[in-house]
Amino acid sequence: MASTTEGNKSLKGNLSAVPTVAHPTAKEASEVAANIKYHAQYSPHFMPLKFDPEQAFYATAESVQYFLIQRWNETYAHFHGEDPKQTYYLSMEYLQGRALTNAIGNLGITDAYAAALNKLGHDLENIVEQEPDAALGNGGLGRLASCFLDSMATLNLPAWGYGLRYRYGLFKQRITKEGQQESAEDWLEKFSPWEIVRHDVIYPVRFYGRVEISASGQRKLVDAEQIQALAYDVPIPGYGTKNTISLRLWEAKASAQDFNLYAFNEGQYENAAHLHSKAQQICAVLYPGDATEEGKLLRLKQQFFLCSASLQVNGVALLHSNILKDELFQDYFSLWPEKFQNKTNGITPRRWLRFCSPKLSAIITKWLKTSLWVTNLDLLSGLRQFADNSELHSEWASAKMANKVRLAHYILQVTGVKINPNSLFDIQIKRIHEYKRQLLNILGAIYRYKKLKEMSSEERKNVVPRTVMLGGKAFATYTQAKRIVKLVNDVGAVVNNDPDIGDLLKVVFIPNYNVSVAEIVIPGSELSQHISTAGMEASGTSNMKFALNGCLIIGTLDGANVEIREEIGEDNFFLFGAQAHDVPKLRREREQGQFVPDPRFEEAKQFVKSRAFGDYDYTPLLDSLEGNTGYGRGDYFLVGYDFPSYMEAQSRVDDAYKNAKKWIKMSILSTAGSGKFSSDRTISQYAKDIWNIKECRVP
């Protein structure tokens, strides 16, 4: 009874002064507040006696959704009338992130919503935190697809996105003393306020069966396993335009007639719902384990289901493109060279700078004297003329520090580790994989820690304090990747509690990395590690996000690192490691026993073997770096070969960071050189050179 009374007071205190009026396209704060209250009361999903942050989020999201629906309807009515050629983009994953911030930002109504929520007793920042990330993706492929949709809408292109509506996503990551633990994502445990189920858009998808040929020659598929694909549409608004396109997600289901009522009443409950169970498996999990035949088959069924359903409705980096032409499809390229084109990937500057780092964005707008850079990223090059300006340096440093403080607060909140914002924030966040070489990173940190322990107190005074942060998910059945995650956490448990070291070195693993976490981490970064073995990375768009935010990169000549280094200037990039054309030769030399490891590399490995970081047996992990040949051995990803040049590059980082003026200038030039890496540019090139589609702007 007490909780009811308290809730009633909360309701009156926050809402009584605000009228209850529907304003589907409200842009003024008082109308927005009235519209939110309308949805809280007349589109209720909770008991009406409270208006807590969670209830406020859903009411706020639905008020925005109605705005989007109007623009959505106008967009597709316009497309229907103009009948342009359209693009249909299919992807197995979309890493969307939170939709609320992006939607109100693209609609230009962020300030109105912030003021409206204040009238209702809430802060926009707190309400945004109530939204779970949509568990539709995992890594670079999914984030690229989402950036592409944002650019398609912003460029007013007639386009659709198609994907699967995964109920449990990849997994939610939790870190314990045992390492990474996985549990199902719960983003649909309540509901998503952004999606609209299209009960009239449902198609049959058939598996297995056989083809019968009639006497007349007609072919018919019979004895097939048939399920249904039901459409859920999610609106994707463009920035500064009325155009709002769709991401259509398919859900697999069986019909009522496929439920065997007779078997159920006979007690055969599982058999009665056999097809329903098989249908639910298809969209249950993103990338189900494929170590078994059943797992391989399920992945194939997912891919077929996406293609079949979507078809019934209607090169990535220069280095990687060259690999396709020279190695993987050499014969095909020799016949039809014109069919191979490179379109370097890009990122949306709306989510990855304008919205996630508003203070830095405001500074950029001030010095460029225009906000048009948000849709014309090449304008960032205008910052170069101010790269030595002391006033800009001061403002830039202030914005970066504010982002670092925010990140430090987040790290304390989710890990309990207190980090110093005055230390160098050194970050590697991406999927955990041997080729991405998080192992090289942590071995470097281990060597740094060992040297710090050997220094005198006087020697330590000259050391640049550094906070090394890693984050990312290791696939549930990828044992070596999970060992790397555990090693990072075991190292952190020792280093972070060593009183001799203090703030000179911290090692932190950021749990459950996703888009929303990235929107905090990337703006607060100063050095980002993109250190995959040269020739292994296909796309590499996370490095673009870091560079855009004025974060310097230490990396190899792999993926988009090559072009980033060209654009921002070689002096503003900390390069190390073998080049792609050298890798095959280096592997052959390793097989022939010609590799001689650097003593520092051996020292770091031996320190792990000494049980300095606990009793866990890391022999299987370290064995991958030993020997010359054999499965799981021979250091296939050249960690040992690149280790000395990696450590030398890290020494150059330390030297540069000691010179604050030089570092800030390099940071400014990094942002200034990132104009090429907009997904708007990528999509414009696709539209013109490959898809042959044109702008279809809603008037």
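Anything mentioned here points back to the structure above.
Below is a summary of the structure that appears in this document. Note that the structure is a prediction, hence the values are computed from the model and not measured. (Residues numbered from 1 in each chain as written. Predicted model: local features only at pLDDT ≥ 70, side-chain atom pairs only at ≥ 80, totals over all residues. Heavy atoms only, no water.)

### Remarks on the side chain of Ser246
1) Next: Among the structural elements, Ser246 can be located in strand β9 (residues 244-253).
2) Next: There is a polar contact of 2.5 Å between the side chain of Ser246 and the side chain of Trp72.
3) Next: For Ser246, the residues in contact, after removing those within four places along its chain, are Trp72, Tyr76, Ala159, Trp160, Gly161, Asp233, Val234 and Ile236. (Helix = DSSP H or I, 4+ residues; strand = E, 2+ residues; numbered from the N terminus. Polar contact = N/O pair within 3.5 Å; in protein donor to acceptor, adjacent residues only side chain to side chain. Contact = heavy atoms within 4.5 Å.)

### Concerning the nonpolar core
1) Next: If you look at the biggest cluster of nonpolar residues, it comprises 87 residues, and the most contacted ones within it are Ile36, Val64, Met152, Ile227, Trp250 and Phe305.
2) Next: The element contributing the most residues to this core is helix α3 (residues 53-82), with eleven residues.
3) Next: When residues no more than four places from it in sequence are discounted, the contact partners of Phe305 are Leu164, Val205, Phe207, Ile227, Gln228, Ala229, Trp250, Glu251, Ala252, Ile282 and Cys283. (Core = buried A, V, L, I, M, F, W, Y, C linked by side-chain atoms within 4.5 Å. Buried < 20%, exposed > 50% of the residue type's maximum accessible area, 1.4 Å probe, protein only.)

### Considering the packing of aromatic side chains
1) Next: Throughout the structure, instances matching the rule amount to 29 aromatic pairs.
2) Next: With 6.3 Å between their ring centres and 10 degrees between their planes, Tyr162 and Trp250 make a pair best called stacked. Highlighted residues: Tyr162 in strand β2 (residues 159-164) and Trp250 in strand β9, separated in sequence by 88 residues.
3) Next: For Tyr162, a relative accessible area of 0% gives the class buried.
4) Next: The class of Trp250 is buried, set by a relative accessible area of 0%.
5) Next: With a centroid separation of 6.3 Å and 35 degrees between ring planes, the pair formed by Tyr449 and Phe607 is classed as tilted. Highlighted residues: Tyr449 in helix α17 (residues 438-454) and Phe607 in helix α24 (residues 599-609), separated in sequence by 158 residues. You'll find Tyr449 and Phe607 in the same group, each marked buried.
6) Next: Members of the aromatic cluster, joined through ring pairs, are Tyr76, Phe79, Tyr88, Trp160, Tyr162, Tyr203 and Trp250. (Phe/Tyr/Trp six-rings, centres within 6.5 Å; stacked < 30°, edge-to-face > 60°.)

### What about the packing of α24 against helix α26 (residues 639-658)?
Helix-helix packing is described using two parameters, namely the angle between the two axes and the distance between the axes.
1) Next: Running from N to C, α24 and α26 point in directions that differ by 105 degrees, and their axes come no closer than 8 Å. As judged from the angle between their axes, α24 and α26 are roughly perpendicular. Facing Arg600, Phe601 and Ala604 of α24, the residues of α26 in contact are Val639, Gly640, Phe643, Pro644, Met647 and Glu648.
2) Next: Classifying every residue of the contact of α24 with α26 by side-chain character gives six nonpolar, one polar and two charged. (Axes fitted to C-alpha atoms, helices over the stretch in contact; angles between N-to-C directions. Parallel < 35°, antiparallel > 145°, perpendicular 65-115°, else oblique. Nonpolar A, V, L, I, M, F, W, Y, C, P; charged D, E, K, R; others polar.)

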